[in-house]
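As a plain string of letters, each chain reads:
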Amino acid sequence: MLLYHGFPRGAVSRLGRPAADRLGVAQLRAIVEDGLLLTPEWFRIPDDPAAAKREGESPKSEFLQIRACFTLADRQALWEPTSTETKKSHLELFGEFAIGIRPSRARRMGAVPVLYMYDAFDGVTPDPDAVNLTLEILFNLRQLRSLAIAVARLEARAANPKRSALDDRMLDRLGYQLEGDPGIRRKIDHLDRQGAHQVVEFLDTDRNAAWSLVDKIDIMLNMFQTADFRKSDSSGVRRQHAYYEQREWRIVRLFNPLVRCQALGPDCELDGPEAMAEEERERFRGRLRATNPGFFDDWHLDNSAILRGTSGLAGDDAFFEFVEEVICPSAVAPEVIELIGHDDFREIPVSLPTSRGRSRNDCSEESEMRSVVFVRRSHR
C-alpha cells in the first residue's frame, strides 16, 4: 500500500478532459521541479456549551489548516468505487493524476494519519444531549491553547533572558491572542515586568517557551478531519463515515530544521534563513495563478506553502525523490515520462473497466479513463 495524492480535483467536470490533462501535467511539473504544495482550508471548532463566557466573548473557532492530503490504498483500489452510493472511484473524485509514496518514507516529512472527529451521531444530525468525546478533545485542546497563550504573554512581559520568549508584537503577528478571555487579557496587559516574572516562576516547568507550545497545538489542529460529510457535496455524498473510509494521511506545514517548507504568503519571514527569496516567491505565485486561476486567488496563495523536501546530515532530499509511483491519463503518458525520466521510472499500462457495477449508459465519456502507472526503478 502507498500513500496516494490525487490531482487536479474536479478539473474534468470544470474544464473538460484536454484542459484537465494540461492542468495535471502542469501540476506534476511543479511537484517534480519545486515540491509538494500545501494548501489552506478552514477547520471549525464549535462553542463549548459548558464554557463560562464570563464577558460573553466566544473563543477562537476558526483554525486554518495548511496541508496536503493522501489516501492509504492499494493501487488497484484507486479505480474501484469509493461507495455504493456514488459509484465514483478515487481517481474520479480527486483527479486522474496521482503520486504514490511509501508511508515509511513519508513519515520523514512529517506525514501522519489524520485524527477523526464528528459533530453528528448519524452522520447528518447533531445530538446536543449526547456526550461527544471527539468534540471534548477539541474543546480541551483549545483551552490548553488559551492557557499557553496566557503564559506566552506573561513570558513576554517578564522578558526572562533564559527563556526564548517572543514579544507582544510577534505574538500578535502569529495570532496568539486570548480570544474568549478578555478579562485575563486585561490583567496581563496591566502587569509590570516584576509581577510577570513572579507569576512565571510558578509556571517554570520543564518545557519549551509557551509560544512554541501554542505552535505545536496549532500543528495538532491541522491533523483533524471530520469522519462524516456534514452536508451533500458535489458528488451527492451524505453519509456516515464517508471521510473515515478514505484512510487519510496528511503532511502539514512545519517549522522544523529537518523539513524544508517555505511559505508563499506575507508570513514568509517566519521561515527565517530558509525563507524563499522574494523574486522566486513572486514567480512561483504567478505560475500557480496562471496554471489554475479558478483556485489560486490571493487568499489561497497567501496561505499556501511549498514542501521542498528534507534536510539531514547526509544532505538534502528533494520531495520528488520520495515519490515511488506516478499515475496519469494515457493521453499524456509520453509527456509525463519525459518529465519524470525514462531512467528513473518504468511504465505499467492499466485501463479502467467501464462496468464497475454501472450500466454503460451510466458511464459518461468523462468517467471512462485509461491510465498509465509509472513505477520508480530504484532509489539512488
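Up top is the structure.
Residues numbered from 1 in each chain as written. Predicted model: local features only at pLDDT ≥ 70, side-chain atom pairs only at ≥ 80, totals over all residues. Heavy atoms only, no water.

1. Some words on the overall build of the protein
Scanning the protein for helices and strands turns up 12 helices and 14 strands. When burial is assessed residue by residue, the protein has 48% of its 380 residues classed as buried. Considering only contacts within the protein whose residues lie at least 6 apart along the sequence, 75% involve residues at least 24 apart. Accessible surface computed for the protein: about 19800 Å², of which carbon and sulfur atoms make up 51%. (Helix = DSSP H or I, 4+ residues; strand = E, 2+ residues; numbered from the N terminus. Buried < 20%, exposed > 50% of the residue type's maximum accessible area, 1.4 Å probe, protein only. Contact = heavy atoms within 4.5 Å. Areas by Shrake-Rupley, 256 points an atom, 1.4 Å probe, with all protein chains shown as cover.)

2. Considering the layout of surface pockets
By volume, the second largest pocket amounts to about 940 Å³. Every residue lining the second largest pocket is counted, 36 residues in all, and those nearest its centre are L174, Y176, D218, F255 and D267. Where the lining of the second largest pocket is concerned, the elements lending two or more residues are β3 (62–73), α6 (168–174), α9 (210–221) and α11 (298–302). Sorting elements by how many residues they give to the lining of the second largest pocket places α9 first, with seven residues. Among the residues forming the lining of the second largest pocket, the class breakdown is 17 nonpolar, eight polar and 11 charged. (1 Å grid on protein atoms, 1.4 Å probe; cavity = no way out; pocket = protein on both sides within 12 Å on 5 of 7 lines; lining within 4 Å. Points joined across faces, edges and corners; volume = space filled by probe spheres on them. Nonpolar A, V, L, I, M, F, W, Y, C, P; charged D, E, K, R; others polar.)

3. Examining empty space enclosed by the protein
This model, assessed by the stated rule, comprises one cavity of 30 Å³ or more. Size it by volume and the largest cavity reaches roughly 50 Å³. Surrounding the largest cavity, K60, F63, R142, R145, S146, I149, Q177 and E179 form its lining. Its residues placed into classes, the lining of the largest cavity shows two nonpolar, two polar and four charged.

4. Details of the nonpolar core
Counting 42 residues, the largest nonpolar core has V326, V336, I340 and F374 as its most contacted members. A per-element tally of this core places helix α12 (residues 333–340) first, with five residues. Look past the residues within four positions of V336 in its chain and what remains in contact with it is V25, L28, F97, V326, C328 and F374. Formed by 16 residues, the second largest nonpolar core is a distinct cluster that contains A150, V151, L171 and I188. (Core = buried A, V, L, I, M, F, W, Y, C linked by side-chain atoms within 4.5 Å.)

5. A word on the pattern of salt bridges
This model, assessed by the stated rule, comprises 29 salt bridges. We note a salt bridge from D215 to K216, for which the minimum N-O separation is 4.0 Å. Each of R29, E33, D34, E280, R287 and R308 takes part in salt bridges that share partners, so that together they form one network. (Salt bridge = Lys/Arg side-chain N within 4 Å of Asp/Glu carboxyl O.)

6. Details of the pairing of strand β9 (residues 259–263)
Among the five residues of β9, four are classified as buried, and the element is accordingly described as predominantly covered. With five bridges connecting them, β9 and strand β10 (residues 305–310) associate as antiparallel partners. When the sheet's bridge partners are listed, Q262 is paired in β10 with I306. (Pairing = 2+ DSSP bridges.)

7. Quick notes on the packing of aromatic side chains
In the structure shown here, the tally under the stated rule is six aromatic pairs. Summarising the aromatic geometry, the rings of F295 and F296 are spaced 4.9 Å apart at their centres and angled 85° between planes, so their arrangement reads as edge-to-face. Lying across the ring of F63, K60 places its NZ or CZ 5.1 Å from the centre. (Phe/Tyr/Trp six-rings, centres within 6.5 Å; stacked < 30°, edge-to-face > 60°. Lys NZ or Arg CZ within 6 Å of the ring centre and 35° of its normal.)

8. Here we look at α9
With 12 residues, α9 should cover 16 Å at 1.5 Å per step; its first-to-last C-alpha distance of 17 Å lies within 8% of that length. Where α9 is concerned, the buried positions are A210, S212, V214, D215, I217, D218, I219 and L221. On the buried face of α9, the contacting elements are β2 (36–44), β3, α5 (133–158), β7 (224–226) and β8 (248–252). (Expected span 1.5 Å × (residues − 1).)

9. Remarks on unusual backbone geometry
P8 follows F7 through a cis peptide bond whose omega is -15°. Here P8 is to be found in the loop between β1 (2–7) and α1 (11–15). The residue A159 is not glycine, and still its phi comes out positive at about 50°. With respect to the helices and strands, the residue A159 is situated in the loop between α5 and α6.

10. Some words on helix α2 (residues 17–33)
Under the 1.5 Å per step criterion, the end-to-end length of α2 is 24 Å for 17 residues, consistent within 8% with the ideal 24 Å. All of the buried residues along α2 are A20, D21, L23, G24, V25, Q27, L28, A30 and I31. For α2, the elements touching its buried residues are β1, α1, β4 (97–101), α10 (278–291), β12 (323–329) and α12. Of the residues flanking the end of α2, it is G35, one or two places downstream, whose phi is positive at about 130°.

11. Thoughts on a nonpolar patch on the surface
On the surface, a nonpolar cluster with roughly 300 Å² of combined accessible area is contributed by V199, F202 and L203. Among the structural elements, L203 can be located in the loop between α8 (193–201) and α9. On the basis of relative accessible area, L203 is assigned to the partly exposed category, the value being 32%. (Patch = residues over 30% accessible without salt bridge, like charges linked within 9 Å, V, L, I, M, F, W, Y side chains within 5 Å.)

12. What to know about the packing of α5 against helix α7 (residues 182–189)
Remark: α5 packs on α7, axes separated minimally by 10 Å, with the N-to-C direction vectors making an angle of 10°. Looking at the two axes, α5 sits roughly parallel to α7. Seen from α5, the contacting residues are A150, R153, L154 and R157; seen from α7, they are I184, I188 and D189. Of the residues belonging to the contact of α5 with α7, the class tally is four nonpolar, no polar and three charged. (Axes fitted to C-alpha atoms, helices over the stretch in contact; angles between N-to-C directions. Parallel < 35°, antiparallel > 145°, perpendicular 65-115°, else oblique.)

13. Focus: the packing of α5 against α8
To describe two helices that pack against each other, one gives the angle between their axes and the distance between the axes. Where α5 meets α8, the axes come as close as 7 Å, and the angle between the chain directions of the two elements is 130°. It follows from the interaxial angle that α5 and α8 lie oblique. The crossing of α5 and α8 is left-handed. Within the contact between the two elements, α5 uses L154, E155, R157 and A158 and α8 uses R193, A196, H197, V199 and V200. Here the residues of the contact of α5 with α8 sort into five nonpolar, one polar and three charged. (Left-handed = near helix turned anticlockwise from the far one by under 90°.)

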